[in-house]
Structure formats: C-alpha cells, structure tokens
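Chain by chain, the residues run as shown.
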Amino acid sequence: MSRKLFSKKGTRLLGLIAFIATGGGLIISTAINEENIYKTEILIIFGCFFTISLVDHFKKLIERDDENED
C-alpha cells in the first residue's frame, strides 16, 4: 500500500501557503509594531513586491501542474 498522503500539486500549494503565512505574518507584525511612518511605508512597498512575486510563483506552479497532467 504505497498511497501518497498529498499529491505533488497539494504539497506545492502547501509549501506556497506556508511561505505566504511566514512572509505575510512577518510583514504585518512589523508594520503593526513599527512606530516610524517612513519605515512602515517602505515595508508596504516590500509587501507589494512580495505579493507580486507570490502571484507570479502561483501562476508558474499552476502552469507546471497543467503541463504534467498532459
């Protein structure tokens, strides 16, 4: 009985969700605890870049899974 607990797509999505939770949590907690408004603005810019990179990584993940299914 060699059944897998998660499929390849499931493990990749789980890894992506863990990355989002870690990075997003760090950005949000720092933004909340930071008293300097300029540092918070810079952190928001980094958060935007973080979001853009996550969307790009998710698209590549879906395309890779679509190619493997064919």
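Bear in mind the structure is a predicted one, so any value in this text is a computation, not a measurement.

Asker: Help me understand the environment of Ile-62, please; the structure alone is not making it clear to me.
Answerer: One can find Ile-62 in helix 2 (residues 37-69). Measuring from C-alpha to C-alpha, the distance between Ile-62 and Arg-12 comes to 9.8 Å, with 50 residues separating the pair along the chain.

Asker: I'm lost on the packing of aromatic side chains in this one. Help?
Answerer: Each aromatic ring pair is summarised here by two numbers: the centre-to-centre distance and the angle between the ring planes. Considering all chains together, one arrives at one aromatic pair under this definition. For the ring pair Phe-19 and Phe-50, a centre distance of 5.5 Å and an interplane angle of 40 degrees mean the geometry is tilted. Taken together, the residues span a long stretch of sequence, with Phe-19 in helix 1 (residues 8-33) and Phe-50 in helix 2 at a distance of 31 residues.

Asker: What is the right way to look at helix 1 in this model?
Answerer: One full turn of an α-helix is made of 3.6 residues, so residues set three or four places apart face in the same direction. Compared with an ideal rise of 1.5 Å per residue, which puts 26 residues at 38 Å, helix 1 spans 38 Å between its outermost C-alpha atoms and is within 8% of the ideal. Where helix 1 is concerned, the buried positions are Leu-16, Gly-23 and Gly-24.

Asker: Which parts of the structure should I look at to understand the pattern of salt bridges?
Answerer: A side chain with one charge may pair with a side chain of the opposite charge, provided their charged atoms come close. One pass over the structure, following the stated rule, counts one salt bridge. Close ionic contact of Asp-56 with Lys-60 constitutes a salt bridge, the shortest N to O distance being 3.6 Å. Of this pair, Asp-56 and Lys-60 are both found in helix 2, four residues apart, which corresponds to roughly one turn of the helix. Owing to a relative accessible area of 47%, Lys-60 belongs among the partly exposed residues under this scheme.

Parameters and conventions
Residues numbered from 1 in each chain as written. Predicted model: local features only at pLDDT ≥ 70, side-chain atom pairs only at ≥ 80, totals over all residues. Heavy atoms only, no water. Helix = DSSP H or I, 4+ residues; strand = E, 2+ residues; numbered from the N terminus. Phe/Tyr/Trp six-rings, centres within 6.5 Å; stacked < 30°, edge-to-face > 60°. Expected span 1.5 Å × (residues − 1). Buried < 20%, exposed > 50% of the residue type's maximum accessible area, 1.4 Å probe, protein only. Salt bridge = Lys/Arg side-chain N within 4 Å of Asp/Glu carboxyl O.

Take it as geometry only, folks, not as evidence of what the structure does.
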